[in-house]
Structures are given as C-alpha cells and as structure tokens.
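Chain by chain, the residues:
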Amino acid sequence: MSTILVTGGAGYIGSHTVRHLMEQGHEVVVLDNLRTGHRAAVLTPHFYVGDISDAALIAEIVHKHKVVAAVHFAALSLVGESMKLPTKYLEGNTIKSQQFIQALVENGVRRIVFSSTAAVYGMPAVVPISERSPTLPINPYGISKLFIEQYLQMAQTLYGLKWIALRYFNAAGAAQDGRIGEAHDPETHLIPLVLQTALGQRNSISVFGQDYDTPDGTAVRDYIHVEDLADAHARALQALADGKASGAYNVGTGRGYSVLEVIEAARRITGRPIPLTNAPRREGDPAVLVAQVDRIRTELGFVAQHSDLESMIASAWKWHQHHPEGYEE
Ligand SMILES: NC(=O)c1ccc[n+]([C@@H]2O[C@H](COP(=O)([O-])OP(=O)(O)OC[C@H]3O[C@@H](n4cnc5c(N)ncnc54)[C@H](O)[C@@H]3O)[C@@H](O)[C@H]2O)c1
Ligand SMILES: O=c1ccn([C@@H]2O[C@H](COP(=O)(O)OP(=O)(O)O[C@H]3O[C@H](CO)[C@@H](O)[C@H](O)[C@H]3O)[C@@H](O)[C@H]2O)c(=O)[nH]1
C-alpha cells in the first residue's frame, strides 16, 4: 500500500485535507511539530511529532510507510507577523522546506503538492489575478513561499521532482459535521475573529483600513472553503500521479468579499450584533486579492462547491459554537 506524507497535517487546512484523502481511500501519514497545530485534529493513526528539517526522520517515515508523494503544508503563515519577524519566516519556511525537499528526493519521493499563496503576487496591477501575473511579493511571508516554488522548479531540473504549487487565496470555514475547524492561538484571521466577537469572547472586531480603493473602502479577499481546498489537493495529487506537468495553480472562487461584507454576513448568520472598531491598515496587506480560476478548472477539473460566503461562515460558526476554546488539549 502506498502512502501520502502530509506535513502540517495537525494544522487547519492540513487536517481537513488529511481527512479528505483518507475518505478517498489513501493511506496518510502526518508529520507536524505541533507549533501551531493540534494533536486532536490529526485523524490518521500514523502521526509523527517532528520537524520538516529532520532528514533522518523523513527517511524513516518514507521507508517505513512506503511514501510515494507528499503534501507540504507545514509553514509559518501570518502576513502581519512576517513583517515584524522576517528572519523567522525566511529561516522557518525557505531553509527548512529546502531541507525537506532534499530529504524527499534523496529517499526516492518524486511528487509533491505545495501550499503556496496569493501573497506571491504582492500588489497585483490587474484583478482577478492570473497565474501569469508578475510575482512581486510585498511581505516576507510571500517571499518565502515564492522561493519554495522556485526551488521546487530547481529540484525538477536537478532530480526530476514533479510538483504542483497551489496558490490559495483565503481559507475559511470548517468541516460540515463540526468535527474539525480553525483553531489558531493567537487568532489573527478575519472570520474566526468576527465569530469570536459574535460569541462575546471579544468586545469588537477591528477593521484594518477604511480607505482602500475598493467599493466600501475595506480590503477585499477571495475566501475559499477549507473542504474545497482539500479537494484541490486531492486533484493535484492525482494529476501528478497521472503524469501531468508541474506548475502553479490559483485556488479561489473568483469572487471577492470586503471586510465589511464579511462582518455583515456574520451578523445575519449568527443573529448577533458584532460591534466593529475602525483601525489603521495592517502593514503588508494588499487592497484586493481575487483569483482568476480558469486554469485549475480546465486542467484539474476543480470548481469550488462550498465556498459561498454563507456556507463558509455557517460552518465556521458551528465549529466555534461547539468549540469556543478550540481543541480540548
Ligand atoms: N490559512 C490561509 O488562509 C492560507 C492561505 C494561503 C496559504 N496558506 C498556507 O497553507 C498552509 C497551512 O496553513 P494553515 O492556515 O492550515 O496553518 P496552520 O498554522 O494551522 O498549520 C500549519 C501546520 O504546520 C505545522 N508546522 C509549522 N512549521 C513546522 C515545521 N517546521 N515542521 C513540522 N510542522 C510544522 C504547525 O504545527 C501546523 O500544524 C501554510 O503553508 C500556509 O502558508 C494558508
Ligand atoms: O482583525 C482583523 C483581521 C483581518 N482583517 C482584514 O481581513 C482581511 C483578511 O485577513 P486575514 O484573515 O488575516 O488573512 P490574510 O492576511 O489575507 O492572509 C491569509 O490569506 C493569505 C492569502 O491571501 C495567506 O497566504 C495567509 O497565509 C492567510 O493568513 C485582510 O484585509 C485584513 O486586513 C481585519 O480587518 N481585521
């Protein structure tokens, strides 16, 4: 039986993808250092607590579990934090990922799906953003992810590695059955913070910037349901197994929502007031990030199924109501 290695499988997007791959009949092994992830979110019995830079551990996992492909989520992933701690991001993401890729190829794994991001585009001149748009990141997080994409291309030249980078826009929502969801500590993402405000855990939600060049002045993002992201990863793995060419794909819906639209929708869905406070722009934040999604639709057959704003907020609300303190650990 061949196995998929998922790094960061105890994290938000990783845990949903692990579950989806297992439901599809794959054997899945998770490697996660639990820095931001949760043991309780890991639904496979094959779980190693460790770091992606531990070459000996990667070798052990690959051989013991007969790993044929990897999905690489493990990373530091906060735009705002990366502006304050650039070294942490460049060391933690680029160097460690390069070591991980090296360990994979040295142990015979030649297929990898990588968590990239809309942040590689920086301040796009044209929206919606196509994969052919210039990649000019405006924060250290985006630089670190672009470096890894470029190193994957290099590893293809050097070792014949086949790769797909999924440049996701903003992940949102939780499992429809409420079993797993988003639990970051501290939380910095908009939708969970809005829902914590609805629960009364916060007094108000800060709106970062009211003077962007957008219809209501607040920043616009293309939110995608975490279960749709899981499906995109499964498709990317299949494409690589089928011998499809390496490359980068946007994963979004092609539709953006402003910060105020998200808050308004959350008020409607929760029936709670959700007070807001105007705050300055957050450093490193572009005004609008919305994906052009033709490439992934045409080449991987992917179309988001659960990513209307209502479904994303409703599933996240169910998760937050049942797990107001996140995972019990
Ligand atoms: N959340 C989003 O909206 C979003 C959007 C675009 C891209 N991404 C990318 O998707 C991936 C997952 O994001 P997430 O929101 O699920 O984050 P997360 O923090 O919930 O998950 C990351 C997981 O990786 C683990 N990890 C981190 N560094 C590690 C290391 N060196 N060795 C082993 N494990 C390590 C953490 O413990 C955690 O479980 C990240 O690569 C992120 O950059 C996220
Ligand atoms: O309290 C808050 C938190 C966020 N925002 C705004 O809401 C939007 C979304 O912010 P957030 O949920 O923090 O996500 P992003 O900073 O857009 O980053 C996410 O989406 C990126 C891709 O677009 C990924 O690369 C990152 O890993 C992921 O954290 C941004 O305009 C923020 O300025 C607020 O106004 N108030």
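Here the structure is shown first, and the text comes after it.
Criteria and cut-off values
Residues numbered from 1 in each chain as written. Chains lettered and ligands numbered in written order. Predicted model: local features only at pLDDT ≥ 70, side-chain atom pairs only at ≥ 80, totals over all residues. Heavy atoms only, no water. Helix = DSSP H or I, 4+ residues; strand = E, 2+ residues; numbered from the N terminus. Patch = residues over 30% accessible without salt bridge, like charges linked within 9 Å, V, L, I, M, F, W, Y side chains within 5 Å. Areas by Shrake-Rupley, 256 points an atom, 1.4 Å probe, with all protein chains shown as cover. Salt bridge = Lys/Arg side-chain N within 4 Å of Asp/Glu carboxyl O. Buried < 20%, exposed > 50% of the residue type's maximum accessible area, 1.4 Å probe, protein only. Near = heavy atom within 4 Å. Polar contact = N/O pair within 3.5 Å; in protein donor to acceptor, adjacent residues only side chain to side chain. Nonpolar A, V, L, I, M, F, W, Y, C, P; charged D, E, K, R; others polar. Domains from an automatic or database assignment. Phe/Tyr/Trp six-rings, centres within 6.5 Å; stacked < 30°, edge-to-face > 60°. Lys NZ or Arg CZ within 6 Å of the ring centre and 35° of its normal. Core = buried A, V, L, I, M, F, W, Y, C linked by side-chain atoms within 4.5 Å. Contact = heavy atoms within 4.5 Å.

Colleague: Help me out: how do you make sense of unusual backbone geometry in this one?
Modeller: Residues Val127 and Pro128 are joined by a peptide bond in cis, for which omega reads -5°. Secondary-structure assignment places Pro128 in the loop between strand E5 (111–117) and helix H5 (140–159). Residue Pro186 is bonded to the preceding Asp185 through a cis peptide linkage, with omega at 0°. Here Pro186 is to be found in the loop between strand E7 (170–172) and helix H6 (190–198). Despite not being glycine, Leu34 has its phi angle at roughly 60°, a positive value. With respect to the element layout, Leu34 can be found in the loop between strand E2 (27–32) and strand E3 (47–49).

Colleague: How should a nonpolar patch on the surface be read in this particular structure?
Modeller: A cluster of nonpolar side chains, namely Met154, Leu158 and Tyr159, defines an oily patch on the protein surface of about 260 Å² accessible area. Looking at where Tyr159 falls in the secondary structure, it is placed in helix H5. Overall, the relative accessible area of 32% leaves Tyr159 in the partly exposed class.

Colleague: Can you help me understand the site of ligand 2 in this one?
Modeller: The immediate surroundings of ligand 2 are formed by 22 residues, with Thr117, His189, Ser206, Arg282 and Asp285 found nearest. At 2.8 Å from an oxygen atom of ligand 2 is found a main-chain nitrogen or oxygen belonging to Ser77. Within the contact set of ligand 2, an oxygen atom lies 2.8 Å away from a backbone nitrogen or oxygen of Leu190. Partitioned by chemical class, the residues of the shell around ligand 2 number 13 nonpolar, six polar and three charged. Taken together, domain 1 (3–172 + 222–251) and domain 2 (190–221 + 254–322) each give at least three residues to the shell around ligand 2, which thus spans both.

Colleague: Can you help me understand the packing of aromatic side chains in this one?
Modeller: For any pair of aromatic rings, geometry is given as the distance between the ring centres together with the angle between the planes. Applying the stated criterion across every chain, the model contains three aromatic pairs. Pairing Phe147 with Tyr151 gives two aromatic rings, centres 6.5 Å apart and planes at 10°, and the pair type is stacked. On the criterion of helical spacing, the pair formed by Phe147 and Tyr151 is a turn pair, its members being four residues apart in helix H5. Its relative accessible area of 36% is what places Phe147 among the partly exposed residues. Residue classification places Tyr151 among the buried residues on the basis of a relative accessible area of 14%. Where Trp319 meets Tyr327, the ring centres are 5.0 Å apart and the plane angle is 55°; that geometry is what we call tilted. Of the two residues, Trp319 and Tyr327, neither departs from the other in class, the shared state being buried. Here the basic side chain of Arg281 rests over the ring of Tyr212, its NZ or CZ set 4.0 Å away from the ring centre. Seen from the ring of Tyr249, Arg295 lies directly overhead, with NZ or CZ sitting 4.3 Å from the centre.

Colleague: Just to check I follow, could you spell out the nonpolar core for this structure?
Modeller: Inside soluble globular proteins, nonpolar side chains tend to come together where they are buried. Ranked by size, the top nonpolar core spans 41 residues in total, and within it Val6, Leu166, Val251 and Ile296 carry the most contacts. When contributions to this core are tallied by element, the ones reaching two or more residues are strand E1 (3–7), helix H1 (12–23), E2, strand E4 (67–72), strand E6 (162–168), helix H7 (226–241), strand E11 (247–251) and helix H9 (294–300). Among the elements that take part in this core, H7 stands out by supplying eight residues, more than any other. Lining this core are residues from two domains, each supplying at least three of them: domain 1 (3–172 + 222–251) and domain 2 (190–221 + 254–322). Look past the residues within four positions of Val251 in its chain and what remains in contact with it is Leu166, Arg167, Tyr168, Phe169, Ile224, Leu229, Ala232, Ile296 and Phe302. Core analysis: the second largest hydrophobic core is formed by 27 residues, Leu31, Ile52, Ala103 and Ile148 among them.

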